[in-house]
Amino acid sequence: MDGREPIRITVRRSDVWLDAVQEAKTKGINGLSPLKVTFLGEPSIDAGGPRREFFRLLPHHAATTLLRGERRKFFSMNVKAFQVRKSLYFRGCGIPCLADPVYEYITSGKCSSIVVSSDDIPELAMRDTVEKLVAANCTEEIQAVFSEDIAISYLAECGYTQPISTLQWKMKDDIVSTLIDYHLILKVKACMDQFCEGLETLGVGSIVRKNPSVLRQFFVFNEVPIDADMLRSILTLVEGNGDVKLIEDLAYFNFNIFLDECDNGPAGGCCSIQELLEFFTGSGYPPQGFSRKCTISFLHDTTARLPTAATCNLELRLPTCHGEDYSQFRECMMLAIRGCEGFGPS
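Residues numbered from 1 in each chain as written. Predicted model: local features only at pLDDT ≥ 70, side-chain atom pairs only at ≥ 80, totals over all residues. Heavy atoms only, no water.

Asks: Explain the packing of aromatic side chains to me, using residue names and the numbers behind them.
Replies: As enumerated under the stated definition, the model contains four aromatic pairs in all. With a centroid separation of 6.2 Å and an interplanar angle of 20 degrees, the aromatic rings of Tyr-252 and Phe-255 are classed as stacked. On the criterion of helical spacing, the pair formed by Tyr-252 and Phe-255 is a turn pair, its members being three residues apart in helix H12 (residues 242-264). Among the residues examined, Tyr-252 registers a relative accessible area of 23% and is labelled partly exposed. For Phe-255, a relative accessible area of 0% corresponds to the buried category. (Phe/Tyr/Trp six-rings, centres within 6.5 Å; stacked < 30°, edge-to-face > 60°. Helix = DSSP H or I, 4+ residues; strand = E, 2+ residues; numbered from the N terminus. Buried < 20%, exposed > 50% of the residue type's maximum accessible area, 1.4 Å probe, protein only.)

As structure tokens, then:
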């Protein structure tokens, strides 16, 4: 980025976040350090693909360590993890899995109102308590919810010290909002503050606060999966002429059938569009798009039955040897995509 030699790091796929943190500590890496990435046991030259794969995996592994929840995530009380104040910069892909109230806190330092679906409450017991409270229709039912020790402990942590017999049905909404506010936000405020401090390492925090709507896509969970038509729109075909083109057209025809099957994903017994995209780019679809067009080329070696990928160049190479036999083409695509984890010679 500034003429400096890239810093070479080696990480394990199983512990990308922990290894990245250790490498950052020992080699003095910050968010602007140019990197060359090697995955342990995977021979490759990093011309962009391994690095892109690294920054795809990094936020997911970090989220597993620092956050809780299935889709829209909240911070956890992982004190050890938050001892690392200067977090690595998630280049390109961000960490798009946070719940809306968390992002509001990051951008404004407060949460004006915390509205969440019960499905997004990370702890099952807490979720069960909230759902029972929401369903309660009288004072007796409200008090019955707190006949369980776990529910009482949730309420006590919020600072409620009165006997359960003092709880009334008219207090239901206040009880629910108090439980959610405290356990999802206030309880982990120190952890969120340290995360915000980490964002200031490169001035990212101030940029986010000035442009919350623009940068929202890099932080907040948005359930808009990439589909076949979207993938087609970012692909450029590199094709030959004459008889070669006829062979390539048949392979590309098979690929388009495969793409439509991928739209149904596991439901149709196929891989997902996301898996296919990760196979030849080393990443999912980043919020800002790719810096170059993704390309499809063709393999004319009659022994090349499997597709190959050049993730550094965002290139997918399709086999042409299957001719009109779509079932063989599909089988080989699935075998390559599902069994390809890791870098190595094509």
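Asks: Describe in detail the environment of Ser-33, supporting the description with residues and values.
Replies: If you trace the backbone, Ser-33 turns up in the loop between helix H1 (16-27) and strand S2 (35-39). With relative accessibility at 1%, the residue Ser-33 sits in the buried group. Placed 28 residues apart in sequence, Ser-33 and Glu-5 show a C-alpha to C-alpha distance of 9.0 Å.

Asks: Requested: an account of the packing of H1 against helix H2 (residues 49-66), with residues and values cited.
Replies: Interaxial distance between H1 and H2 falls to 7 Å at its minimum, and their mutual angle equals 100 degrees. In this view, H1 runs roughly perpendicular relative to H2, as classed from their interaxial angle. Along its contact with H1, which presents Val-16, Trp-17 and Ala-20, the element H2 presents Phe-54, Leu-57, Leu-58, His-61, Ala-62, Thr-65 and Leu-66. The residue inventory of the contact of H1 with H2, partitioned by class, reads eight nonpolar, two polar and no charged. (Axes fitted to C-alpha atoms, helices over the stretch in contact; angles between N-to-C directions. Parallel < 35°, antiparallel > 145°, perpendicular 65-115°, else oblique. Contact = heavy atoms within 4.5 Å. Nonpolar A, V, L, I, M, F, W, Y, C, P; charged D, E, K, R; others polar.)

Asks: Describe the environment of Ile-121, listing the residues and the values that go with them.
Replies: Structurally, the position occupied by Ile-121 is in the loop between helix H3 (100-108) and helix H4 (124-135). Separated by 51 residues in sequence, Ile-121 and Glu-70 place their C-alpha atoms 8.8 Å apart.

Asks: Please give an account of the pattern of salt bridges that cites residues and values.
Replies: This structure, assessed with the given rule, holds 18 salt bridges. Salt bridges sharing partners connect three or more residues here, namely Arg-12, Asp-15 and Asp-19. (Salt bridge = Lys/Arg side-chain N within 4 Å of Asp/Glu carboxyl O.)

Asks: Tell me what's going on with the packing of H12 against helix H14 (residues 326-338), and back it up with residues and numbers.
Replies: As a packed pair, H12 and H14 sit with axes 10 Å apart at the nearest point and diverge in direction by 65 degrees. Remark: the crossing between H12 and H14 carries right-handed chirality. Packed against H12, whose contacting residues are Ala-251, Asn-254, Phe-255, Ile-257, Phe-258 and Glu-261, the element H14 presents Tyr-326, Phe-329, Arg-330, Met-333, Met-334 and Ile-337 at the interface. Residues belonging to the contact of H12 with H14 are distributed by class as follows: nine nonpolar, one polar and two charged. (Left-handed = near helix turned anticlockwise from the far one by under 90°.)

Asks: Please set out the side chain of Asp-120 residue by residue, giving values where relevant.
Replies: Tracing the sequence through the fold places Asp-120 in the loop between H3 and H4. Contact partners of Asp-120, with chain neighbours within four places excluded, come to Arg-71, Arg-72 and Phe-74.

Asks: Kindly report on helix H13 (residues 273-281), identifying the contributing residues and their values.
Replies: The α-helix winds at 3.6 residues per turn, so residues separated by three or four positions along the chain end up facing the same way. When we look at burial in H13, the residues that qualify are Ile-273, Leu-276, Leu-277, Phe-279, Phe-280 and Thr-281. Taken end-on, H13 shows its buried residues confined to a sector of 165 degrees, consistent with a single buried face. A positive phi of about 80 degrees marks Gly-282, the residue just after H13. (Arc of directions from axis to C-beta.)

Asks: An account of the state of the cysteines is needed here, citing residue identities and associated values.
Replies: One pass over the structure, following the stated rule, counts zero disulfides. Unpaired in terms of disulfides, Cys-321 finds its nearest cysteine sulfur in Cys-332, a separation of 6.7 Å. Judged by relative accessible area, which is 29%, Cys-321 ranks as partly exposed. (Disulfide = S-S within 2.5 Å.)

Asks: I'd like to hear about the sheet that holds strand S6 (residues 294-299), residue by residue, with values.
Replies: Spatial strand order, S5-S6-S8-S7: four strands in an open sheet with mixed pairing. Strand pairing shows two members of the sheet lacking a second neighbour, strand S5 (235-237) and strand S7 (308-310), which therefore form its edges. Along the sheet, successive strands turn relative to each other by an average axial angle of 30 degrees, direction set aside. Sheet analysis places S5 next to S6, joined by three bridges and oriented parallel. Following the sheet pairing, Leu-237 is matched in S6 by Ile-296. Against the sheet, H12 engages S5, S6 and strand S8 (315-319), with an angle of about 125 degrees to S6. (Pairing = 2+ DSSP bridges.)

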